[in-house]
Each structure stands twice: as C-alpha cells, then as structure tokens.
Amino acid sequence: MKKVALITGGTRGIGLGIAKKLAEEGIDLALNGIRPESQVVEVLEELRKSGVRVEYFPGNIAEKADRDSILSGVKEKFGTLNYLINNAGVAPRVRADVLDVSEEDYDHLMDINLRGTFFLTQAIAGFLVDQKMGMPDYVFAIVTVTSVSAKLASTNRAAYCMAKAGLSMMSQVLAVKLAEFDIPVYEIQPGVIETDMTEKVKAVYHKRIENGLTLEARMGQPEDIGKAVSALLRGDLPYATGQILALDGGMMV
Ligand code: NAD
C-alpha cells in the first residue's frame, strides 16, 4: 500500500531534503509551502522523477483558512495520509536582545513557528486518528523539526528558542495522547544546517568546522535530516515514541 507524507515547508532547505529522501523510499508527497505553485514547479517536477506522486498545497500555516485548505486538499487529492512532517518555520526577522524584542516580531514568529504548527498538527492528528479507526494495520507517525534552540538559550533569539521549546513539549504531549492509537510522535533537533536560513550566520561556525571539531568536519546538510526522518518512519525503533533526535554533528556540545 502506497504511503503519503505531508511535509510543511517542503520545497526548499531541510523540508526539501526530507522530501527527496522520502521520494526515494517510494512515499508519495503532499508538500506545503508559502510560495505560489508557479514558483515551485521545477522542484515538484524534479521530485516526480523518483516515480512518486507529488502534489503541492500552498498556504500560510499561521492562517486557519490556509490550514483548512491544506487538510481538505490532502483529503481530496490523496484520500489518505500516513505521515505529518512539521518542518515549516521562520528565523527571527530581527535579531534583538531578549530585553528589546518587539511584540510585532514576537507575534510574527510565534504565529508561524508555534501557534500555526500546533493547530495544523491538531487538525492533521485528528485525521490520522480517524483513519486509524478504520484501518488498524495502517502506519502513521508525526515528526516535528524543532532545533537545538529548544534547549540552548540564545539571548538574541528569545522568541525562536521559546517557540522551539514549545514545539518540543507539543511533541511530548502528543506522544502521550496518540500512544493509544499506535501513532508514534518524534522530534528532530537540527544543529546548524546549510540552508537559506543559515546563510548569514554560517561563518560563525566555520572555525569549528575547519578545525575538524564536528562530525566529518562539515556543516549539516538537509539530506542528513531527510535520512533521519526516513529512518524514524521505517519503524526500526519498536515501542519508541516521544523520542528526541539531535542532529548537530557535535557542534553544540
Ligand atoms: P528555509 O527558510 O530554507 O525553509 C523554510 C520553509 O518553511 C520554506 O519552505 C518556507 O516556504 C516555509 N515556510 C515559512 N513560513 C511559512 C508559513 N507561514 N507557512 C508555510 N510554510 C512556511 O529554512 P530551513 O533551514 O530549511 O528550516 C526548516 C526548519 O528547520 C525550520 O522550522 C527551522 O526553524 C528548522 N531548523 C533549521 C536549522 C538550520 O540550521 N537551517 C536548524 C535548526 C532548525
């Protein structure tokens, strides 16, 4: 039976790394992103070369109407969903000291990274539970990409750290709730991964990389996260849920 994964923010960066790996594994893809479909057509076509079905559901996860349309679109086009990969997120628009963060910047980040992700997850989890009732042998899982920032305090990224810590607890609460439905819930905490999001800050980390202080003396790549998600979904961790997997190459310790 074909499996389907919904990946938020799935058309670039870490989300695309996850999409590529799952496509290689033969999993059909429901990709969400904030950009209109016209801007991601080539990415979708590239992924389709793996032979899987790829559909795009544009929408801002901070908006209820958009979240509703993502879920109804997935139901309409695929009829089913096995995996939710919560990946969409934004970095702080402005790096401000914790004592100076504006309410506007705080709300913008929290609306996407925490509130939007939570309510999308709530809606999708309901759909997974409904399906589980009718198809007890079907497999489901939820993976949330948080960050090492969920546990490391940065004084100039307070809202980002707070949102990721909140998502980490969301994952724990859901792991407890969904255990009775046999739906495992996992969290991945990336360190510094080479994407658009880290373009401006990667020089900060280069010294450690040049000195060979990280695994394989390199920055993390989106494909690393893709491989980890695929390993979790393969179900090789029996009786495990609520797991937190940090993928930071040793850079953060
Ligand atoms: P990115 O900026 O390259 O990609 C972010 C993705 O999220 C894009 O596809 C974008 O369209 C989508 N997105 C943004 N706002 C959205 C919204 N409101 N609604 C729907 N989609 C939206 O960033 P990335 O580095 O690939 O980050 C992906 C995730 O990994 C984020 O949650 C980020 O916080 C987390 N993360 C990244 C790193 C890193 O070093 N790059 C480290 C730890 C955690």
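Details of the structure are given in the entry above.
All values derive from a computational prediction rather than experimental measurement.

Draft legend 1. Expanded view of unusual backbone geometry. One non-glycine residue, aspartate 182, adopts positive backbone phi at about 60°. Among the structural elements, aspartate 182 can be located in the loop between helix H5 (158-178) and strand S6 (185-190). Positive phi is not limited to glycine here, since glutamate 216 has a value of about 60°. With respect to the helices and strands, glutamate 216 occurs in the loop between helix H6 (202-210) and helix H7 (222-233).

Draft legend 2. Molecular detail of the pairing of strand S5 (residues 141-145). Counting buried positions along S5 gives 5 out of 5 residues, so the element sits mostly inside the fold. Of the two faces of S5, both are covered, the one formed by Ala141, Val143 and Val145 as well as the one formed by Ile142 and Thr144. Alignment of strand S4 (residues 83-86) against S5, held across 4 bridges, turns out to be parallel. What sits directly across from asparagine 86, in S5, is threonine 144. Here S5 pairs with S6 via 4 bridges, running parallel. What sits directly across from isoleucine 142, in S6, is valine 185. The parallel pair S5 and S6 is bridged by H5, and the resulting crossover is right-handed.

Draft legend 3. Just the packing of aromatic side chains, in detail. For the structure on display, the rule yields 3 aromatic pairs. Aromatic side chains tyrosine 138 and phenylalanine 140 sit 5.7 Å apart centroid to centroid with 55° between the ring planes, which places their arrangement in the tilted category. Given the relative accessible area of 3%, phenylalanine 140 is considered buried. Just above the ring of phenylalanine 78 sits the side chain of arginine 53; from NZ or CZ to the centre is 4.6 Å. Lying across the ring of phenylalanine 127, lysine 75 places its NZ or CZ 5.0 Å from the centre.

Draft legend 4. Representation of the packing of helix H3 (residues 64-77) against helix H4 (residues 103-134) within the structure. Where H3 meets H4, the axes come as close as 10 Å, and the angle between the chain directions of the two elements is 30°. Accordingly, the angle class assigned to the pair H3 and H4 is roughly parallel. Crossing angle aside, the handedness with which H3 passes H4 is right-handed. Contact with H3, carried on its side by Arg67, Leu71 and Lys75, involves Arg115, Gly116, Phe119, Leu120, Ala123, Ile124 and Phe127 of H4 and no other residues of that element.

Draft legend 5. Focus on H3. Relative to the 20 Å expected for 14 residues at 1.5 Å per residue, H3 spans 20 Å between its end C-alpha atoms, a close match to the ideal helical length. Considered for burial, the residues of H3 that qualify are Arg67, Ile70, Leu71, Gly73 and Val74. Within H3, the buried residues cover an arc of 160° as seen down the axis, which keeps them to one side. For H3, the exposed residues lying more than 90 degrees away from the buried face are Lys64, Ala65 and Glu76. The elements touched by buried residues of H3 are strand S1 (4-7), strand S2 (28-33), strand S3 (54-58) and H4.

Conventions and cut-offs
Residues numbered from 1 in each chain as written. Predicted model: local features only at pLDDT ≥ 70, side-chain atom pairs only at ≥ 80, totals over all residues. Heavy atoms only, no water. Helix = DSSP H or I, 4+ residues; strand = E, 2+ residues; numbered from the N terminus. Buried < 20%, exposed > 50% of the residue type's maximum accessible area, 1.4 Å probe, protein only. Pairing = 2+ DSSP bridges. Right-handed = clockwise from strand over helix to strand, strands pointing away. Phe/Tyr/Trp six-rings, centres within 6.5 Å; stacked < 30°, edge-to-face > 60°. Lys NZ or Arg CZ within 6 Å of the ring centre and 35° of its normal. Axes fitted to C-alpha atoms, helices over the stretch in contact; angles between N-to-C directions. Parallel < 35°, antiparallel > 145°, perpendicular 65-115°, else oblique. Left-handed = near helix turned anticlockwise from the far one by under 90°. Contact = heavy atoms within 4.5 Å. Expected span 1.5 Å × (residues − 1). Arc of directions from axis to C-beta.

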